[in-house]
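As a plain string of letters, each chain reads:
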Amino acid sequence: MTFWILAPIMVAAALGILFVRKAVHAAMLLAIVMLSLAVLYAVLDAPFLFAVQIIVYTGAILMLFLFVLMLVGVDASDSVVETIKGQRALATILGLALGAVLVTALSQVTLGTAVGLDEANAGGNIEQLANILFSRYVFAFEATSALLITAAIGAMVLAHRERLTPKETQASLAAQRMRDYAETGKHPGPLPAPGVYARHNAVDTPALLPDGSAAESSVSRVLVARGVIRSGPAMADDIDEVRRQLGQDPSEMPETSGKSGAPASTEEDVK
Amino acid sequence: MTEYIVLSAILFTIGCVGVLTRRNAIVVFMCIELMLNACNLALVTFAKQHGNLDGQIAAFFVMVVAAAEVVIGLAIIMTIFRTRRSASVDDASLLKY
């Protein structure tokens, strides 16, 4: 029963990996497949592998994938350009052929009644696995330790980068800032803080300068790139709206700074 | 038990097609993981079919090797990405010329 519920989900998720554009979505679909597999392991009398599948595969390996995706950039989506002509179609045809051959061959086979693991699991699955692992497979197990330490060292070597330039110290950074100020007039101090308003005090709202314009350097460049910034003039309109709700006439009030029509940015780009 | 083996074959095929068609090295890697998982399912199924635990031990070793392989593979992908700003398998083609 569990199988017939999980199998369609797994096949659908696996097919999804072939078609989704973003690598993160592929990772999520793979997580679905792996977790369903873990449940199938439990159904197949393998409680140890059920735990290992969740802890090692879904927990460690998939997280590693997500970490690398984070470093590489989540928007690194697939290119649709074919380097080898017709490769995609050929691969699909060959894949379908392989699948057809495998499924047909398997449907010819009768496996007979399953022996079941009740006898082999007597005294506990983990105990029995340990019995076999530390007797018949002990050399393979020891070789595994060599493999793991090689992998760890290999990853360290691959991730290591030689420092080619001397490390920047605080003193040298300060000297560089003052040099920049002397040469180009770049502001040496910290950037202005965002969102200093009565109603909104948020990082996505630029601060207003005394002349009423929005200080673009006060909001994070990441937020600007995503396009989720509330503009200064829009904020000023909000303030007028509140005054109207309070029963005051905005035209009689002193001009709200940063009203629409005010220059969006007069400030030079500080860093 | 045949249905488990058929599911394993289908997952393996999907993984195969994924490796052949996808261009992003990380997704290609995920498809390899899918194929390894499909093999594990077959191993565990056969362990139950034959009533001994050797299949589960083999699946356990596959998982260990997969973990080591993923660590090294992703480190290589990171190194390539650092030097070429691309995670596409088609861009690493210097040996061709």
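Residues numbered from 1 in each chain as written. Chains lettered and ligands numbered in written order. Predicted model: local features only at pLDDT ≥ 70, side-chain atom pairs only at ≥ 80, totals over all residues.

### Observations concerning the overall build of chain B
Moving on, step 1. Helices and strands together make up the secondary structure of chain B, namely 3 helices and 0 strands.
Moving on, step 2. The order of helices and strands in chain B, counted from the N terminus, is α-α-α.
Moving on, step 3. For 97 residues, the compact-globule estimate of 2.2 N^0.38 gives 13 Å, and chain B exceeds it by more than 25% at 16 Å.
Moving on, step 4. Expressed along its principal axes, the backbone C-alpha trace of chain B runs to roughly 50 × 25 × 20 Å. (Helix = DSSP H or I, 4+ residues; strand = E, 2+ residues; numbered from the N terminus. Rg over C-alpha atoms; globule rule 2.2 N^0.38 Å.)

### Quick word on the overall build of chain A
Moving on, step 1. A count of helices and strands for chain A gives 9 helices and 2 strands.
Moving on, step 2. Counting helices and strands in the order they occur from the N terminus, chain A gives α-α-α-α-α-α-α-β-β-α-α.
Moving on, step 3. Across the 271 residues that make up chain A, the buried fraction comes to 20%.
Moving on, step 4. For chain A, the share of sequence-separated contacts (at least 6 apart) that also reach a separation of at least 24 residues comes to 53%. (Buried ≥ 20, exposed ≤ 12 C-beta atoms within 10 Å, placed from the backbone. Contact = placed C-beta atoms within 7 Å.)

### Describing the environment of Val52(A)
Moving on, step 1. Mapped onto the secondary structure, Val52(A) falls in helix α3 (residues 47-72).
Moving on, step 2. Separated by 14 residues in the primary sequence, Val52(A) and Ala38(A) have C-alpha atoms spaced 8.4 Å apart.
Moving on, step 3. Discounting chain neighbours no more than four positions away, the residues touching Val52(A) are Phe60(B) and Met63(B).

### Comments concerning the interface of chain A and chain B
Moving on, step 1. Each side of the interface is counted separately: chain A has 67 residues, and chain B has 62 residues.
Moving on, step 2. Listing elements by their share of the side of chain A that touches chain B, those giving two or more residues are α1 (2-19), α2 (23-43), α3, α4 (87-108), α5 (125-133) and α6 (138-159) of chain A.
Moving on, step 3. Of all the elements, α3(A) adds the most residues to the side of chain A that touches chain B, at 12 residues.
Moving on, step 4. Along the lines of polarity and charge, the residues of the side of chain A that touches chain B split into 54 nonpolar, 9 polar and 4 charged. (Nonpolar A, V, L, I, M, F, W, Y, C, P; charged D, E, K, R; others polar.)

### As for the confidence of the model for chain A
Moving on, step 1. Taken as a whole, chain A shows an average pLDDT of 80; of its residues, 80% reach a score of 70 or greater.
Moving on, step 2. Of the regions scoring below 50 in pLDDT, residues 256-271 of chain A engages in 44 contacts with residues more than four places distant in sequence or in other chains. (pLDDT = per-residue confidence, 0-100.)

### Some points on the nonpolar core
Grouped burial of nonpolar side chains is what soluble globular proteins tend to show.
Moving on, step 1. Among the nonpolar cores identified, the biggest contains 71 residues, and Leu30(A), Ile26(B), Met30(B) and Leu34(B) are the most heavily contacted of them.
Moving on, step 2. Mapped by element, the contributors of at least two residues to this core are α1, α2, α3 and α6 of chain A together with α1 (2-21), α2 (25-50) and α3 (54-84) of chain B.
Moving on, step 3. In terms of residue count, the dominant contributor to this core is α2(B) (16 residues).
Moving on, step 4. Ignoring sequence-local partners within four residues, the contact set of Ile26(B) consists of Ala23(A), Phe65(A), Val68(A), Leu69(A), Val72(A), Ile77(B) and Ala87(B). (Core = buried A, V, L, I, M, F, W, Y, C linked by C-beta atoms within 7 Å.)

### Some remarks on α2(B)
Think of an α-helix as 3.6 residues a turn; residues three or four steps apart then line up on the same face.
All names here are of chain B.
Moving on, step 1. Across its 26 residues, α2 extends 38 Å between first and last C-alpha, which sits within 8% of the 38 Å expected from 1.5 Å per residue.
Moving on, step 2. With 22 of its 26 residues buried, α2 lies for the most part within the structure.
Moving on, step 3. One or two positions beyond α2, positive phi appears at Gly 51, with a value near 70°. (Expected span 1.5 Å × (residues − 1).)

### A short note on the packing of α5(A) against α3(B)
Moving on, step 1. Contact pair α5(A) / α3(B): the axes reach a minimum separation of 10 Å and the direction vectors enclose 75°. The orientation of α5(A) with respect to α3(B), classified from their angle, is roughly perpendicular. Residues Leu129(A), Ile132(A) and Leu133(A) of α5(A) touch α3(B), and the partners they reach there are Asp54(B), Gln56(B) and Ile57(B). (Axes fitted to C-alpha atoms, helices over the stretch in contact; angles between N-to-C directions. Parallel < 35°, antiparallel > 145°, perpendicular 65-115°, else oblique.)

### Digging into the environment of Asn37(B)
All names here are of chain B.
Moving on, step 1. Looking at the secondary structure, you find Asn 37 in helix α2.
Moving on, step 2. Classification of Asn 37 by C-beta neighbours within 10 Å gives buried; the count is 27.
Moving on, step 3. Residues Asn 37 and Met 63 lie 26 residues apart in sequence; the distance between their C-alpha atoms is 8.4 Å.

### Topic: α6(A)
Moving on, step 1. Taking 1.5 Å of rise per residue, 22 residues should cover 32 Å, and α6(A) covers 32 Å from first to last C-alpha, within 8% of that figure.
Moving on, step 2. Of all 22 residues making up α6(A), only 2 are buried, and the element is barely covered by its neighbours.

### Observations regarding the confidence of the model for chain B
Residue and element names in this part refer to chain B.
Moving on, step 1. In the predicted model, chain B carries a mean pLDDT of 88, and the fraction of residues at 70 or more is 100%.
Moving on, step 2. Within chain B, the lowest mean pLDDT, 89, falls on α3, and the highest, 92, falls on α2.
Moving on, step 3. Interface scoring of the predicted complex returns ipTM 0.92; its pTM is 0.73.

### Structural notes on the packing of α1(B) against α2(B)
A pair of packed helices can be characterised by two numbers: the angle between their axes and the separation between those axes.
Residue and element names in this part refer to chain B.
Moving on, step 1. Viewed as axis vectors pointing N to C, α1 and α2 meet at an angle of 165°, and their least axial separation amounts to 8 Å. In terms of their interaxial angle, α1 and α2 are classed as roughly antiparallel. The way α1 lies across α2 gives a crossing that is left-handed. Here Tyr 4, Ile 5, Leu 7, Ser 8, Leu 11, Phe 12, Ile 14, Gly 15, Cys 16, Gly 18 and Val 19 of α1 lie close against α2, whose contacting residues are Val 28, Cys 31, Ile 32, Leu 34, Met 35, Asn 37, Ala 38, Cys 39, Leu 41, Ala 42 and Thr 45.
Moving on, step 2. When the residues that make up the contact of α1 with α2 are grouped by side-chain class, the tally is 17 nonpolar, 5 polar and no charged. (Left-handed = near helix turned anticlockwise from the far one by under 90°.)

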